[in-house]
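One-letter residues, chain by chain:
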Amino acid sequence: MAPVLEAVPNFSEGRDPDFLDEAVRVASLCGVDVLDRSMDPDHHRAVITLVGYPEDVEEAGVRLGFLARDSIDLTKHTGAHPRIGAMDVLPFVPLAGCSMALAVQVARRAGKRLSQGGVPVYFYGEASDPPGRGLAALRAGGFEALQGDLPTDRLPDLDGGREGLHPTAGGVCVGARRVLLAWNVWVRGVSVEELRPLAKALRERNGGVPGLRALALALPGRGAVQLSMNLEVVEKRDPMAVFEKVETGVTALGGEIEGTEVIGMIPETLVLAAAGDRLRLFEPRPERLLPVGVARHLSARTDADLAAVLSWLGTRESETPEEIQRAARRLAGRSRYESSPSERA
């Protein structure tokens, strides 16, 4: 099976829909599929999710980094979300048939190319040396805290030929990681000052939930308060248990949860956990999800068809057997009843 790699670039631009349209266009030209796009004016941040062959995903990530470099000026940027770069983070996530080692290789190649384009690069997650570097320390204080001489503990891994960060595009954090759940819980009846101790208590680094990062944010444009969270390695976590902790804490403060917003694609772990809890399912296993079963079937079928075609090619026969024609049509995504434009002419 051909490996599938995901990238989830985050941009420090949440108020110009034309930028997001252009980012999607640039990514699509690289042969990847853009699965999701979102933009938030209070966070002043945009996120797109793309998948494809590793080399195509790498190319898209690099081109998007240069688009952000040339389009976004952080000296004029204000927003609720922490950031140090125009393209602030570029994580690569191994999916079907893709290893973490391959994702790390792609991250390091992409980081090198971005630095050659004048953007300093910090590696994080599995792509850092040693692996496991977190984003919170890298982005503490934001772009403004890294103006002038950089602190000795925050020198970039690749300096982009500069003494400091890029004057308008900052730096970029390039990483390799597992699937995570990025979600915002909207809260009413509680001030952001009241919500901050709850966010602090929930964070892993403060002895809270393993793999959880949490921030309490005020969204002045909408007069709202939000608990913004990332739950790492989500397939090994219990998102509903986290949600229950949030709900209990918000209720204790006298507030209530208005709703939950997932950024990017929704991991099946979240949906399955919610359904299993609410419906008290006896066997809430991920492999029982219909999309998972269909994906497994398609993967196996593609492998079999490809093996059949390659085996026939190795025989160098002059005529193509019908079963090989069928396999080739399936690999091309065409029905046996479809004909090419030249066949119809």
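Structure first, text after, so check above.
These lines cover the structure that appears in this document, whether it is placed above or below. (Residues numbered from 1 in each chain as written. Predicted model: local features only at pLDDT ≥ 70, side-chain atom pairs only at ≥ 80, totals over all residues. Heavy atoms only, no water.)

**Focus: the packing of aromatic side chains**
How we decide: To pair, rings of Phe, Tyr and Trp, with the six-membered ring standing in for Trp, must have centres within 6.5 Å; the planes then decide the type, stacked if under 30 degrees apart, edge-to-face if over 60, and tilted in the middle. Note on exposure labels: buried denotes an accessible area under 20% of the residue type's maximum, exposed denotes more than 50%, and partly exposed covers the range between, all computed with a 1.4 Å probe on protein chains only. Lysine NZ or arginine CZ positioned within 6 Å of the ring centre and within 35 degrees of the ring normal marks a charge as sitting over the ring.
Under the criterion given, the structure shown has 1 aromatic pair. Arranged with centres 5.3 Å apart and planes meeting at 75°, the rings of phenylalanine 11 and phenylalanine 19 form a pair that is edge-to-face. For the residue pair phenylalanine 11 and phenylalanine 19, the accessibility class agrees, reading buried in each case. Here the guanidinium or amino end of arginine 108 rests over the ring plane of phenylalanine 123, the centre of that ring lying 4.6 Å away.

**So, the pairing of strand S10 (residues 224-231)**
Condition: Each helix corresponds to a stretch of at least 4 residues labelled H or I by DSSP, and each strand to a stretch of at least 2 residues labelled E; elements are numbered beginning at the N terminus. Strands were regarded as paired on the criterion that DSSP finds at least two bridges between them.
S10 sits mainly inside the fold: 7 of its 8 residues count as buried. Of the pairings in the sheet, the one linking strand S8 (residues 181-188) to S10 comprises 7 bridges and is antiparallel in character. Within S10, the position partnered with valine 187 by the bridge is valine 225. With 8 bridges connecting them, strand S9 (residues 212-219) and S10 associate as antiparallel partners. Across the sheet, leucine 217 pairs through a bridge with glutamine 226, a residue of S10. In sequence, S9 turns back onto S10 through a hairpin of 4 residues, with glycine 223 there showing a positive phi of about 60°.

**A closer look at helix H5 (residues 192-202)**
Cut-off, in case you're wondering: Arc definition: it is the arc formed by the directions from the helix axis to the C-beta atoms. When checking whether two residues touch, look at their non-hydrogen atoms; a contact exists if any pair is within 4.5 Å.
Buried within H5 are the following residues: Val192, Leu195, Leu198, Ala199 and Leu202. Buried residues of H5 fall within an arc of 110° about the axis and therefore sit on the same side. In H5, the exposed positions angled more than 90 degrees off the buried face are occupied by Glu193 and Pro197. The inward-facing, buried residues of H5 contact S8, S9, S10 and helix H6 (239-252).

**Brief notes about the nonpolar core**
Our working definition: Residues belong to a common nonpolar core when they are buried Ala, Val, Leu, Ile, Met, Phe, Trp, Tyr or Cys residues joined through side-chain atoms within 4.5 Å.
If you look at the biggest cluster of nonpolar residues, it comprises 53 residues, and the most contacted ones within it are Phe11, Leu50, Leu64, Phe92 and Val174. Ranked by the residues each element gives to this core, the list is headed by helix H3 (residues 100-116), at 7 residues. Judged by nonpolar contacts, the second largest core, of 27 residues, contains Leu202, Ala214, Val242 and Ala273.

**Digging into unusual backbone geometry**
Apart from glycine, the bulk of residues carry a negative phi angle, and the bulk of peptide bonds sit in the trans form. Proline 130 follows aspartate 129 through a cis peptide bond whose omega is 0°. Relative to the assigned elements, proline 130 resides in the loop between strand S6 (121-125) and helix H4 (135-139). Although it is not a glycine, histidine 44 sits at a positive phi angle of roughly 55°. Mapped onto the elements of the fold, histidine 44 is located in the loop between strand S3 (33-40) and strand S4 (45-52). In this model, valine 233 sits at a positive phi of 45°, which is unusual for a non-glycine residue. Position of valine 233 relative to the elements: it lies in the loop between S10 and H6. Look at valine 233 and you get partly exposed, because its relative accessible area is 25%.

**Remarks on the sheet that holds S8**
For clarity, the cut-off: In this analysis, axes come from line fits to C-alpha atoms, helices being fitted only over the stretch in contact, and the angle between any two N-to-C directions falls in the range 0 to 180 degrees.
The 4 strands lie next to each other as S9-S10-S8-S11, forming an open sheet whose pairing is antiparallel. The open sheet terminates on both sides in strands that have one partner only, identified here as S9 and strand S11 (256-263). Ignoring strand direction, the axes of neighbouring strands in this sheet form an average angle of 20°. Here H5 sits on the sheet and contacts S8, S9 and S10; the angle it forms with S9, its principal contact strand, is near 170°.

**Brief notes about H6**
This is how the line gets drawn: What a helix is expected to span follows from its residue count: subtract one and scale by 1.5 Å.
With 14 residues, H6 extends 20 Å from end C-alpha to end C-alpha; this agrees with the ideal 20 Å at 1.5 Å per step. Of the positions making up H6, those classed as buried are Pro239, Met240, Val242, Phe243, Val246, Gly249 and Val250. With its phi angle positive at about 90°, glycine 254 sits one or two positions after the end of H6.

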